[in-house]
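Observations on the three-dimensional arrangement
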Amino acid sequence: MPLKLPKIIGHRGCAAYAPENTLEGIHMAADMGVEWVEFDVKLTKDEVPILFHDSTLDRTTSGTGNVADRTYKEIMELDCGSWFGESFIGIQIPTLEQAIDVLIERGLGLNLEIKPCPGREKETAEIALDLLSTIWDDHDRLLISSLQPVSLEVACDMAADWHRGLLLPEEWPENWAELVDYLQVSTVNVNANNVTRDQIESIIDKEKQILAYTVNNPDQARLLQSWGVDGFFSDCPDVLEEGIFSVH
Ligand code: G3P
Ligand code: MG
């Protein structure tokens, strides 16, 4: 069955309006009518899957240093909202399990991006997917993606029938087309800022759906859509919705 994707996926929850990768952001996305969200998962030192983007704590928390060096207990002591705004002071980094509970409660679909700390590509996918398999059964509204082929290989082995997405960085790996075939992905997720029309056409030739990140400008979305991009990750889904999909 082809994956039925929404046109707009809330990026890291809805990162323009709430701290990224937080329960507050997921709730806010749901409140604005978003159907799916994307968030990033990585492991604490003691292998608890948490929602977090960077390898280090410095940018978005009250802590410093590598995420991979901190235990779950240490991570829970950090504030991940103050950097973003006063109304988010004191909020905590969520576990994957907490986030899935919110998705289920709010009826949201999920693009889970496996974003391992360096060297933890295999175990991050194994632990996250193992947890998902016990609490999430709506596989028609789930996409597992990663920049790391090793993580997607784990997804192939552990959950062959779940949809996968190959994330491509600005600089595409030379073997991207082989990866698309080998990993049997449903989508190719491209960086919107530098992708070319020819590149989009090369994905269309492979008959894969195309998602572009991160698109907050309706003009950019319209252009990419005219090239054949199917959907967008956006920090401000409401702006994109209003700008390109609403009938005036
Ligand atoms: O999954 C799309 C997008 O989130 C990839 O980039 O760095 O925002 O995780 P990043
Ligand atoms: Mg991401």
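Above this text you will find the structure in question.
Here is a short report on the structure shown in this document.

The rules behind these values
- Residues numbered from 1 in each chain as written.
- Chains lettered and ligands numbered in written order.
- Predicted model: local features only at pLDDT ≥ 70, side-chain atom pairs only at ≥ 80, totals over all residues.
- Heavy atoms only, no water.
- Helix = DSSP H or I, 4+ residues; strand = E, 2+ residues; numbered from the N terminus.
- Rg over C-alpha atoms; globule rule 2.2 N^0.38 Å.
- Contact = heavy atoms within 4.5 Å.
- Areas by Shrake-Rupley, 256 points an atom, 1.4 Å probe, with all protein chains shown as cover.
- Lys, Arg positive; Asp, Glu negative; His and termini not counted.
- Charge placed at Lys NZ, Arg CZ, Asp CG, Glu CD.
- Buried < 20%, exposed > 50% of the residue type's maximum accessible area, 1.4 Å probe, protein only.
- Arc of directions from axis to C-beta.
- Donors = N, O, S within 2.8 Å, 3.2 Å for Na, K, Ca; no water.
- Near = heavy atom within 4 Å.
- Polar contact = N/O pair within 3.5 Å; in protein donor to acceptor, adjacent residues only side chain to side chain.
- 1 Å grid on protein atoms, 1.4 Å probe; cavity = no way out; pocket = protein on both sides within 12 Å on 5 of 7 lines; lining within 4 Å.
- Sits in = over half its atoms within 2 Å of the grid points.
- Nonpolar A, V, L, I, M, F, W, Y, C, P; charged D, E, K, R; others polar.
- Points joined across faces, edges and corners; volume = space filled by probe spheres on them.

**Digging into the overall build of the protein chain**
In terms of regular secondary structure, the protein chain is built from 9 helices and 9 strands. Computed over the C-alpha atoms, the radius of gyration of the protein chain is 17 Å, within 12% of the 18 Å expected from 2.2 N^0.38 for a compact globule of 248 residues. In terms of principal-axis extent, the alpha carbons of the protein chain reach across some 50 × 45 × 35 Å. Taking all contacts inside the protein chain whose residues are at least 6 apart in sequence as the whole, residues at least 24 apart take part in 56%. As displayed, the protein chain offers around 11,000 Å² of accessible surface, 47% of which is attributable to carbon and sulfur atoms. In the protein chain, the 18 positive side-chain charges and the 44 negative ones have mean positions that sit 1 Å from each other.

**A closer look at helix α9 (residues 237-245)**
Within the span of α9, buried status applies to P237, L240 and I244. Buried residues of α9, seen end-on, are gathered within an arc of 60° and therefore sit on one face of the element. Lining the buried residues of α9 we find β1 (8-11), α8 (218-227) and β9 (231-234).

**Considerations on the coordination of the magnesium ion (ligand 2)**
Looking at the metal site, the magnesium ion (ligand 2) is ligated by E38 (OE), D40 (OD) and E113 (OE), spaced 2.0 to 2.2 Å from it. The motif formed by the donor residues of the magnesium ion (ligand 2), counted along the single chain, is E-x1-D-x72-E. The same class applies to E38 as to D40, namely buried.

**Here we look at the site of ligand 1**
In the vicinity of ligand 1, the residues found are H11, R12, E38, D40, H53, E113, K115, L167, Y213 and F233. A distance of 2.8 Å separates an oxygen atom of ligand 1 from a polar atom in the side chain of R12. Contacts to ligand 1 include D40, whose side-chain N or O atom sits 3.2 Å from an oxygen atom. Notes on ligand 1: free accessible area 290 Å², of which the protein chains cover 90%. Of all the cavities here, the one that holds ligand 1 is the largest pocket. Residues of the shell around ligand 1, tallied by class, amount to 3 nonpolar, 2 polar and 5 charged.

**Thoughts on the layout of surface pockets**
Space inside the largest pocket adds up to approximately 150 Å³. Every residue lining the largest pocket is counted, 15 residues in all, and those nearest its centre are H11, E38, E113, K115 and Y213. Taken together, the residues of the lining of the largest pocket break down into 4 nonpolar, 6 polar and 5 charged.

**A word on empty space enclosed by the protein**
On inspection of all chains with the given rule, the structure shows 1 cavity of 30 Å³ or more. As for the largest cavity, its lining consists of P19, E20, N21, L51, F52, H53, T60, C80, W83 and I93. Looking at side-chain class alone, the lining of the largest cavity contains 6 nonpolar, 3 polar and 1 charged residues.

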